[in-house]
Amino acid sequence: MSKINFKINGDLRGKLIAIDSEFDLPFDIKRIFYIKDLDNLERGHHGHRKCEQILVPINGSFTLRLDNGNEINEYYLDKPNEGIHIPLYNWISMKNFSKDCIIMVICSYKYDEDEYIRDYNTFLKEVNENKNKIDKIYNFSLKEQTNLLKRKVLNNIEKIIDRNEFVMGSEVVNFENKFAKYNNIKYCIGVSNGCSALKIALKSLELKNPKVIVQANTYVAVPLVCEELQIKYDLIDIDDNLLLDLNKLEEYLQNNNKNNELVLMLVHLYGNCVDMERLLTLKEKYNFKLIEDTAQAHGSTFKNKKLGSFGDLGCFSFYPSKNLGAFGEAGAIVTNNKNYYEYCKKYRNYGSIERYKWDIVGGNERIDNIQGSILSTKLEYLDEWNNKRREIARYYLENLKQNNIRILKPIKDCISNYHLFVIITDKRDELKKYLESKNIFTAIHYPKPFYESEAYRHINGSHCLKMEELKDKLLSIPIYPELKKDNLERIMIEINNLLAFFI
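Residues numbered from 1 in each chain as written. Predicted model: local features only at pLDDT ≥ 70, side-chain atom pairs only at ≥ 80, totals over all residues. Heavy atoms only, no water.

At a closest axis distance of 10 Å, the pairing of helix H3 (residues 143-163) and helix H10 (residues 369-379) adopts a crossing angle of 140°. It follows that H3 is oblique to H10 by the angle criterion. In the crossing of H3 with H10, the sense of the turn from one axis to the other is right-handed. Contacts between H3 and H10 involve Gln-145, Leu-149, Lys-152, Val-153, Asn-156, Ile-157, Ile-160 and Arg-163 on the former and, on the latter, Asn-369, Ile-370, Ser-373, Ile-374, Thr-377 and Lys-378. Looking at the contact of H3 with H10 residue by residue, the classes come out as 6 nonpolar, 5 polar and 3 charged. (Axes fitted to C-alpha atoms, helices over the stretch in contact; angles between N-to-C directions. Helix = DSSP H or I, 4+ residues; strand = E, 2+ residues; numbered from the N terminus. Parallel < 35°, antiparallel > 145°, perpendicular 65-115°, else oblique. Left-handed = near helix turned anticlockwise from the far one by under 90°. Contact = heavy atoms within 4.5 Å. Nonpolar A, V, L, I, M, F, W, Y, C, P; charged D, E, K, R; others polar.)

What follows is the structure, encoded as structure tokens:
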């Protein structure tokens, strides 16, 4: 329960009390009703399962009594600019009404008789059940983040609807400028999704005889793009940090057929990166193009330089589960090369910048205005969210015991955004099942290398020995900015307890 004060504006003509759902209330208004012409009998005597409320005496006074099953509090309300916020599962009763009392009730939920609790014993039973229930800890959750931004986002969407400007409008341009500045790079091109970003970036190089090289544990997006564009591609094994093995890459480059124009599509998996200085030295020596797949590394840096800004082009996915996620599909390409920038801008819009004038054969890979607006809003929070992820990762690093487990240690000069926190264990399946029995949910990124799927069995990955060694040992444990300290302790204790059992 908390008291809420609303601003009074007044002069000789009278007083104005305005209540703004976006700025003054802890929820969106779904319903308002008034209680008036009251006798002096008590009212209320119910609780709510889904509807939060704010009670305001817009005239007169009354006493509000709230019982949450543990304690009882009474509030005397007599000011038209003061209300009490009532969370779920509080038993509400009202009494001592003045003759002129009028009560405004602001609700977070529609009228639904099923969400009322009318019997006090039922109320106490449900309160105790909720109290004793072991909360589920999900591997990832957007609930608190979306609740935080919901009203701000809806307010911006309303402006877009009023303008009837839905595709490639000012919100997209605004986000592109902000994201380019955030990454300290000249150009940003918003596109429809991360896969489109990879495809357009690869096409923008305009190579005659390209061949792509990529690490064995890439997500399917890179091979999918190569298959679609009918570009040959080879796999390079990974290292102990689950990143591209630079030694294996150099061996490959030394033996490369010079007829091919090589493109390295480097995946910054989990938000981490290889030694980018050494990689750029190899790039200069062997003259290959570099496209960074930065879908999991928004805000990660190497020597204080943002990942995505090292290569010829950087590609981002803004799928909702990413550190910077849209409310649907969206992506972006960043580059310092004006020619690539111009090509990408044209390609995403049918091959055109000027309407009905097509300079290249392009595609329809545009980004919606609504997503541009949402991404601009969320970009303001990205560094804060990444820092919270780093705090969680630090807790894991300091407290998880390495019994039958290997933790990926921080990589020199790389400040990761910790998109995922992956552990390596021979007991992966046993640990996953055990944690689920304790209402702690994990994930596997990825259950199998892409080349073991039916669609990609023509791709040979047997030479990737480190990938083969580790592919069945990877487990992603919960990490997201809103993960609470007590939940972290639960996760740590349960992992340590089970893995100690296997010693």
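There is more to say, and it comes next.
We now examine a nonpolar patch on the surface. A contiguous nonpolar surface patch, about 340 Å² in accessible area, is contributed by Ile-29, Ile-32, Tyr-34 and Ile-58. Along the chain, Ile-58 turns up in strand S6 (residues 53-59). (Patch = residues over 30% accessible without salt bridge, like charges linked within 9 Å, V, L, I, M, F, W, Y side chains within 5 Å. Areas by Shrake-Rupley, 256 points an atom, 1.4 Å probe, with all protein chains shown as cover. Salt bridge = Lys/Arg side-chain N within 4 Å of Asp/Glu carboxyl O.)

In this structure, strand S5 (residues 43-48) lies alongside strand S10 (residues 91-95), joined through 3 bridges in antiparallel fashion. Each residue of the ladder has a partner; that of His-46, found in S10, is Ile-92. In this structure, S5 lies alongside strand S12 (residues 116-117), joined through 2 bridges in antiparallel fashion. Across the sheet, the residue bridging to Gly-47 is Ile-117, located in S12. (Pairing = 2+ DSSP bridges.)

To continue, consider the packing of helix H5 (residues 194-204) against helix H9 (residues 338-348). For the pair H5 and H9, interaxial distance at closest approach is 9 Å and the crossing angle is 130°. Classified by the interaxial angle, the pair formed by H5 and H9 is oblique. Classified by chirality, the crossing of H9 by H5 is right-handed. Residues Lys-199, Ile-200, Lys-203 and Ser-204 of H5 pack against Tyr-340, Tyr-343, Cys-344, Tyr-347 and Arg-348 of H9. Here the residues of the contact of H5 with H9 are counted per class, giving 5 nonpolar, 1 polar and 3 charged.

Summed over the entire model, instances satisfying the criterion amount to 32 salt bridges. Two residues, Glu-165 and Arg-163, come together in a salt bridge whose shortest N-O distance is 2.7 Å. For Arg-163, a relative accessible area of 39% puts it in the partly exposed group. One salt-bridge network, in which partners are shared between bridges, spans Asp-28, Lys-150 and Arg-151. (Buried < 20%, exposed > 50% of the residue type's maximum accessible area, 1.4 Å probe, protein only.)

Quick look at the sheet that holds strand S17 (residues 289-293) now. Across the sheet, 7 strands lie side by side as S13-S21-S20-S17-S16-S14-S15; this open sheet has mixed pairing. For this open sheet the edge positions go to strand S13 (187-191) and strand S15 (232-236), each flanked by a neighbour on one side alone. Across this sheet, the average inter-strand angle for adjacent strands is 20°, counted without regard to direction. The pairing of S13 with strand S21 (residues 331-335) spans 5 bridges and is antiparallel. Opposite Val-191, over in S21, you have Gly-331 as the bridge partner. Each of strand S16 (261-267) and S17 touches helix H8 (residues 276-286); the most contacted strand, S17, lies at about 150° to it.

Another aspect to go through is helix H11 (residues 382-399). For H11, spanning 18 residues, the distance from its first C-alpha to its last is 26 Å, which sits close to the expected 26 Å at 1.5 Å a residue. All of the buried residues along H11 are Leu-382, Trp-385, Asn-386, Arg-389, Arg-390, Ile-392, Ala-393, Tyr-395 and Tyr-396. (Expected span 1.5 Å × (residues − 1).)

Looking now at the nonpolar core. As a rule of thumb, soluble globular proteins bury nonpolar side chains together. Counting 72 residues, the largest nonpolar core has Leu-249, Leu-279 and Ile-291 as the members making the most contacts within it. With 6 residues, the top contributor of residues to this core is S16. Beyond its immediate chain neighbours, meaning those up to four positions away, Ile-291 contacts Leu-198, Ala-201, Leu-202, Leu-205, Val-263, Leu-264, Met-265, Leu-266, Leu-313 and Cys-315. Counting residues in hydrophobic clusters, the runner-up holds 24 residues, among them Ala-393, Tyr-396, Ile-405 and Phe-421. (Core = buried A, V, L, I, M, F, W, Y, C linked by side-chain atoms within 4.5 Å.)

Each α-helix turn comprises 3.6 residues. Residues three or four places apart therefore point the same way. Taking 1.5 Å per residue as the helical rise, H3 with its 21 residues ought to reach 30 Å, and the 29 Å between its terminal C-alpha atoms agrees with that figure. All of the buried residues in H3 are Gln-145, Leu-149, Arg-151, Val-153, Asn-156, Ile-157 and Ile-160. In this fold, the buried residues of H3 make contact with helix H1 (21-24), helix H4 (170-182), H10 and H11. In the segment just after H3, Asn-164 is the residue with positive phi, at about 55°.

All right, on to the environment of Pro-223 then. Positionally, Pro-223 belongs in helix H6 (residues 221-229). Sequence separation of Pro-223 and Val-212 is 11 residues, and the distance between their C-alpha atoms is 9.1 Å. Contact partners of Pro-223, with chain neighbours within four places excluded, come to Thr-218, Tyr-233, Phe-450 and Tyr-456.

A separate point is the sheet that holds strand S18 (residues 301-302). In space, the 3 strands of this open sheet follow the order S19-S18-S23, with antiparallel pairing throughout. Across the chains shown, the open sheet's two edge strands, defined by having one partner strand only, are strand S19 (305-306) and strand S23 (414-415). One ladder, built from 2 bridges, connects S18 with S23; its direction is antiparallel. Across the sheet, Phe-302 pairs through a bridge with Cys-414, a residue of S23.

Per the counting criterion, the structure on display carries 0 disulfides. Left unpaired, Cys-315 is separated from the closest cysteine sulfur, that of Cys-344, by 7.8 Å. In this structure Cys-315 comes out as buried when scored by relative accessible area, which is 2%. (Disulfide = S-S within 2.5 Å.)

On inspection of all chains with the given rule, the structure shows 23 aromatic pairs. Between the aromatic rings of Trp-91 and Tyr-120, the centroid separation amounts to 5.3 Å while the plane-to-plane angle is 75°, which identifies the pairing as edge-to-face. In this pair, Trp-91 sits in strand S10 while Tyr-120 sits in helix H2 (residues 120-132), placing the two residues 29 residues apart along the sequence. What makes Tyr-120 partly exposed here is its relative accessible area of 31%. Here Tyr-418 and Phe-421 contribute two aromatic rings whose centre-to-centre distance is 6.1 Å and whose plane-to-plane angle is 25°, an arrangement assigned as stacked. Note on accessibility: Tyr-418 and Phe-421 belong to one class, buried. An aromatic cluster of three or more residues is present, and its members are Phe-175, Phe-179, Tyr-182, Phe-316 and Phe-318. Over the aromatic face of Phe-310 sits the side chain of Lys-305, whose NZ or CZ is 5.2 Å from the ring centroid. (Phe/Tyr/Trp six-rings, centres within 6.5 Å; stacked < 30°, edge-to-face > 60°. Lys NZ or Arg CZ within 6 Å of the ring centre and 35° of its normal.)

Such coordinate-based values are descriptive only and should not be taken to indicate function.
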